[in-house]
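The residues making up each chain are set out below.
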Amino acid sequence: MIVALQVAFGLVALLGAVSTALTRDSYGKVISLGILVAGIVPFIVDRGYLDVAITVSLIAPVVTIFVLMAVRRAEA
Amino acid sequence: MIALYLVAAIAVFAAIRVVIERNTGRKLPYANVMNFAVAGTLVLLLDHPLSLVAAAAYFVGSTLEANAVASTYAGGVKR
Amino acid sequence: MLGEFLHILAAATISWILFVTVDILFRLPEAGGVSGASAVARDIEAGGGALAGGTMMGNIVCSPDASAGTLLAACGVYVAGIPGGLAAALMVFIGNRICHDPGYAGTTGAVLATFVVYAFTQVGFAATDFIAGMVIAILTIQGLSHTHASRLLARLWRIRQ
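Residues numbered from 1 in each chain as written. Chains lettered and ligands numbered in written order. Predicted model: local features only at pLDDT ≥ 70, side-chain atom pairs only at ≥ 80, totals over all residues.

Before we move on, can you summarise the overall build of chain A with the specific residues and values?
Of regular secondary structure, chain A possesses three helices and zero strands. Listed by position from the N terminus, the elements making up chain A come as α-α-α. With the principal axes as the frame, chain A shows a C-alpha extent of 45 × 25 × 10 Å. Counting across all 76 residues of chain A, residues that qualify as buried make up 34%. In chain A, the share of contacts with a sequence separation of at least 24, taken over all contacts with a separation of at least 6, comes to 37%. (Helix = DSSP H or I, 4+ residues; strand = E, 2+ residues; numbered from the N terminus. Buried ≥ 20, exposed ≤ 12 C-beta atoms within 10 Å, placed from the backbone. Contact = placed C-beta atoms within 7 Å.)

Pulling in residues and values, what's your account of the overall build of chain B?
Counting its secondary structure elements, chain B contains three helices and zero strands. The helix and strand sequence of chain B, counted from the amino end, reads α-α-α. Here the C-alpha coordinates of chain B stretch approximately 45 × 30 × 10 Å along the principal axes. Within chain B, the proportion of its 79 residues that are buried is 70%. Across chain B, the fraction of contacts at a sequence separation of at least 24, relative to all contacts at a separation of at least 6, is 46%.

Requested: an account of the interface of chain B and chain A, with residues and values cited.
Facing 33 residues of chain B, the contacting portion of chain A comprises 33 residues. Looking at the side of chain B that touches chain A, the elements with two or more residues in it are α1 (2-20), α2 (24-45) and α3 (49-75) of chain B. It is α3 of chain B that provides the largest number of residues to the side of chain B that touches chain A, a total of 14 residues. Residues that form the side of chain B that touches chain A fall into these classes: 23 nonpolar, eight polar and two charged. (Nonpolar A, V, L, I, M, F, W, Y, C, P; charged D, E, K, R; others polar.)

So what's going on with the nonpolar core? Residues and values would help.
What tends to happen in soluble globular proteins is that the nonpolar side chains get buried as a cluster. Membership of the largest hydrophobic core comes to 112 residues, with the highest contact counts inside it found for M34 of chain B together with L72, A74 and I131 of chain C. Per-element accounting of this core gives the leading share, 16 residues, to helix α4 (residues 66-98) of chain C. With sequence-adjacent residues up to four places away left out, L72 of chain C is seen in contact with A55, A56 and F59 of chain B together with A88, M91, V92 and A110 of chain C. (Core = buried A, V, L, I, M, F, W, Y, C linked by C-beta atoms within 7 Å.)

Go over the interface of chain C and chain B, please, and point to the residues and values.
Contacts between chain C and chain B engage 44 residues on the former and 38 residues on the latter. By residue number, the principal contributor to the side of chain C that touches chain B is α4 of chain C, which donates 14 residues. Across the side of chain C that touches chain B, the residue classes tally to 28 nonpolar, twelve polar and four charged.

Provide a residue-level description of the arrangement of the chains, including the pertinent values.
Across the two pairs of chains that are in contact, the largest number of contacts falls between chains B and C. Over all C-alpha pairs, chain A and chain C never come within contact, reaching a minimum spacing of 12 Å.

Got a sec to walk through helix α2 (residues 35-46) of chain C? Specific residues and values, please.
Owing to its 3.6 residues per turn, the α-helix aligns residues three or four sequence positions apart on the same side. For α2 of chain C, built from twelve residues, the straight-helix expectation of 16 Å at 1.5 Å per residue is met to within 8% by its first-to-last C-alpha distance of 17 Å. Within α2 of chain C, nine of the twelve residues are buried, which leaves it mostly tucked inside the rest of the structure. Buried within α2 of chain C are the following residues: S35, G36, A37, S38, A39, V40, A41, D43 and I44 of chain C. Contacts made by the buried residues of α2 of chain C are with α2 and α3 of chain B together with α3 (51-62) and α7 (146-160) of chain C. Where α2 of chain C ends, the next residue or the one after it, G48 of chain C, has phi of about 110°, a positive value. (Expected span 1.5 Å × (residues − 1).)

Explain the environment of C75 of chain C to me, and be specific about the residues and the numbers.
Inspection of the secondary structure assignment puts C75 of chain C in helix α4. Overall, C75 of chain C belongs to the buried group, with 29 C-beta atoms counted inside 10 Å.

Account for the environment of G103 of chain C, naming residues and giving values.
The topology assignment puts G103 of chain C in the loop between α4 and α5 (104-122). Counting along the chain gives ten residues from G103 of chain C to F93 of chain C, while the straight-line C-alpha distance between them is 5.8 Å.

Explain the confidence of the model for chain A to me, and be specific about the residues and the numbers.
Taken as a whole, chain A shows an average pLDDT of 90; of its residues, 99% reach a score of 70 or greater. Confidence scores differ between elements of chain A, with helix α3 (residues 50-75) of chain A showing the lowest mean pLDDT of 88 and helix α1 (residues 3-22) of chain A the highest of 93. (pLDDT = per-residue confidence, 0-100.)

Before we move on, could you go through the confidence of the model for chain B and cite the residues and values that matter?
Chain-level pLDDT for chain B is 89 on average; 95% of the residues reach the 70-or-more range. Both scores are given for the predicted complex: the pTM is 0.92, the ipTM 0.89.

Outline the packing of α1 of chain B against α2 of chain B, supporting the account with residue identities and numerical values.
Residues and elements named next belong to chain B. Where α1 contacts α2, the two axes come as close as 8 Å, and the packing angle between them is 155°. Put simply, α1 runs roughly antiparallel to α2. Pair α1 / α2 crosses with left-handed handedness. Of the residues in α2, those touching α1 at A3, L4, V7, A8, I10, A11, A14, A15, R17 and V18 are K27, Y30, A31, V33, M34, A37, V38, G40, T41 and L44. (Axes fitted to C-alpha atoms, helices over the stretch in contact; angles between N-to-C directions. Parallel < 35°, antiparallel > 145°, perpendicular 65-115°, else oblique. Left-handed = near helix turned anticlockwise from the far one by under 90°.)

Mind laying out α3 of chain B, listing which residues take part and the relevant values?
Between its first and last C-alpha atoms α3 of chain B spans 40 Å; for 27 residues at 1.5 Å apiece the expected length is 39 Å, and the two agree. Here α3 of chain B lies mainly inside the structure; 23 of its 27 residues are buried.

Give a description of the packing of helix α1 (residues 2-25) of chain C against α4 of chain C that names residues and reports values.
All names here are of chain C. Here α1 crosses α4 at 140°, and the two axes come no closer than 8 Å. Between α1 and α4, the crossing angle belongs to the class labelled oblique. The two elements α1 and α4 meet at a crossing, and its hand is right-handed. Here α1 contributes S15, L18, F19, V22 and D23 to the contact with α4, which in turn contributes A66, S67 and T70. Among the residues forming the contact of α1 with α4, the class breakdown is four nonpolar, three polar and one charged.

Written out as structure tokens, the structure reads:
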């Protein structure tokens with residue numbers, strides 16, 4: 001990949017990781033996890049592992065839905 | 001080539017906007033912009049028929065995620 | 001360099017007009033399709049925006065509508081020509097069904113955008129211009145200022161009524 005793009009998407013992934021660690025709000029944490037995945041997927045596609053990218057992008061939302069069930073139970 | 005740089009820059013901009021916004025309901029549209037930009041990047045990076053499937057899978061998956069977050073935030077999924 | 005930039009700006013304008021027209025024709029600003037869309041609309045209205053525009057932005061967030069159809073159709077035309085665009089329309093329809101939405105706006109937008117993008121590739125535009133242009137178009141709606149964008153969409157919705 002071009003170096004500028006590596007920097008850009010690495011920045012997106014780092015931003016997601018740091019804000020997941022620092023956010024207090026539980027919905028904010030879930031959205032930040034989405035940013036983390038968004039930063040990682042372009043690196044997988046760039047190597048040519050398209051099947052891995054499809055699998056990751058289908059598993060990540062399912063994981064989020066499970067985390068959200070825990071969030072809702074903690075709130076209730 | 002300029003299209004790829006433009007789309008990557010928009011992804012970074014949207015990610016920063018998501019992080020600095022405090023309100024959950026207003027975070028989600030910025031996250032949606034970032035998902036559009038990443039889905040565009042996937043196709044622009046690799047010109048292969050399967051990368052269309054990867055972009056569509058990523059986009060539908062992240063939309064489903066946003067949908068789940070928004071409906072839980074609204075107060076429970078409708079049954 | 002400059003010519004490509006102007007192509008991207010023109011493509012952004014075309015896809016903005018296309019997806020806003022299709023979304024407003026399919027009555028997206030009228031009601032939230034799922035409960036999450038109304039929550040996003042409520043928060044945008046609390047921040048000073050208009051309710052109808054906020055509902056449409058919430059619908060764009062919560063299920064793949066004409067904007068997603070335009071983006072994926074441009075990707076499909078870039079990868080495989082007209083068959084790629086129609087495959088993208090099929091995938092948008094499946095995605096809409098996954099998200100509990102009827103899915104007419106997204107599929108119609110994708111099929112329309114396939115032919116529009118293909119027509120413009122015949123006159124000198126590249127399909128990549130439309131991918132970048134669609135990302136710019138969604139940035140102007142969802143990413144710059146929610147207050148002004150929702151007021152603009154509400155004004156367009158009033159004209160449609």
